[in-house]
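Chain residues, written in single-letter form:
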Amino acid sequence: MPVVEQVVDDPTDYARIELAVATTLPPGVAALAFLWLAGYPWRSVTWFGPGHSVRWYDKPSTFPLGGGYEGVLLLDDPSGLAGPPVPDLSGFSVDGDPVRWLWIVPITERSRQLAKDYGSASLVSRLAAQGRSWIVTPPTTAPR
């Protein structure tokens, strides 16, 4: 991750980030989110870490993981949300650095702002109270 060494004292746990999404959407649709996020840290000269949120760059209607969402929340442990047990992806490493997996959870701009203002834990609590799952499915109602 670019610039992570400028932000945290020991970047070892953040140097190798992999993104994951659990979804019932077609693979090609989910892949669009990875295309967007893969180059984001280098384009924006930033890094991804647990609890970070990323704003979609276009209209909500073009968001790849379902209409109405406007960004994503990146969680290293989405088990606070509804859904099946989170698979254990620990144990991977690249050149001796451990890989940290961050799960993609689509969110609205309002939710992204809540996370920015009050922390991602506040947003996760709110989403959990709404019964939100960490599994990305086609939206049946407008997201809140």
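Refer to the structure printed above.
From a predicted model like this one, the values you see are computed outputs, not experimental measurements. Residue positions within a chain follow its written sequence, with the count starting from 1. Reporting of local features is limited, given that this is a predicted model, to residues whose pLDDT is at least 70; pairs of side-chain atoms are given and counted only at 80 or more, and all residues count toward the totals for whole chains, interfaces and linings. Remark: hydrogens and water are excluded; side-chain values derive from all non-hydrogen atoms of the structure.

Turning our eyes to something else, we now look at the side chain of Arg112. Within the secondary structure layout, Arg112 lies in helix 4 (residues 109-118). Here the term buried applies to any residue with accessible area under 20% of the maximum for its type, exposed to any over 50%, and partly exposed to those in between, with areas from a 1.4 Å probe on protein chains only. When its relative accessible area of 7% is taken as the criterion, Arg112 is described as buried. Residue contacts are defined here by distance: any two heavy atoms, one from each residue, within 4.5 Å place the two residues in contact. Those residues in contact with Arg112 that lie beyond four places of it in its chain are Ser53, Val54, Arg55 and Ile107. Helix and strand assignments come from DSSP, with helices taken as H or I runs of at least 4 residues and strands as E runs of at least 2, each series counted from the N terminus.

At Asp95, a position not held by glycine, the phi torsion is positive, near 50°. Looking at the element boundaries, Asp95 is found in the loop between strand 5 (93-94) and strand 6 (97-107).

The buried count for strand 6 comes to 8 of 11 residues, which makes it a mostly enclosed element. Pairing analysis gives 5 bridges linking strand 1 (residues 16-20) to strand 6, with the strands arranged parallel. The residue of strand 6 that forms the bridge with Leu19 is Leu102. For two strands to count as paired, DSSP must find a minimum of two bridges between them. Alignment of strand 4 (residues 71-75) against strand 6, held across 5 bridges, turns out to be antiparallel. Its bridge partner lying in strand 6, Val72 is registered against Pro106. For strand 5 and strand 6, the ladder comprises 2 bridges, and the chain directions are antiparallel.

Moving on, we come to the packing of aromatic side chains. Here a pair means two rings of Phe, Tyr or Trp (six-membered ring of Trp) with centres within 6.5 Å. Their orientation is stacked below 30 degrees between planes, edge-to-face above 60, and tilted elsewhere. As enumerated under the stated definition, the model contains 6 aromatic pairs in all. Here a set of aromatic residues connected by ring pairs shows up, and it is made of Trp36, Trp56, Tyr57 and Phe63.

Purely spatial values, then, with no claim about function.
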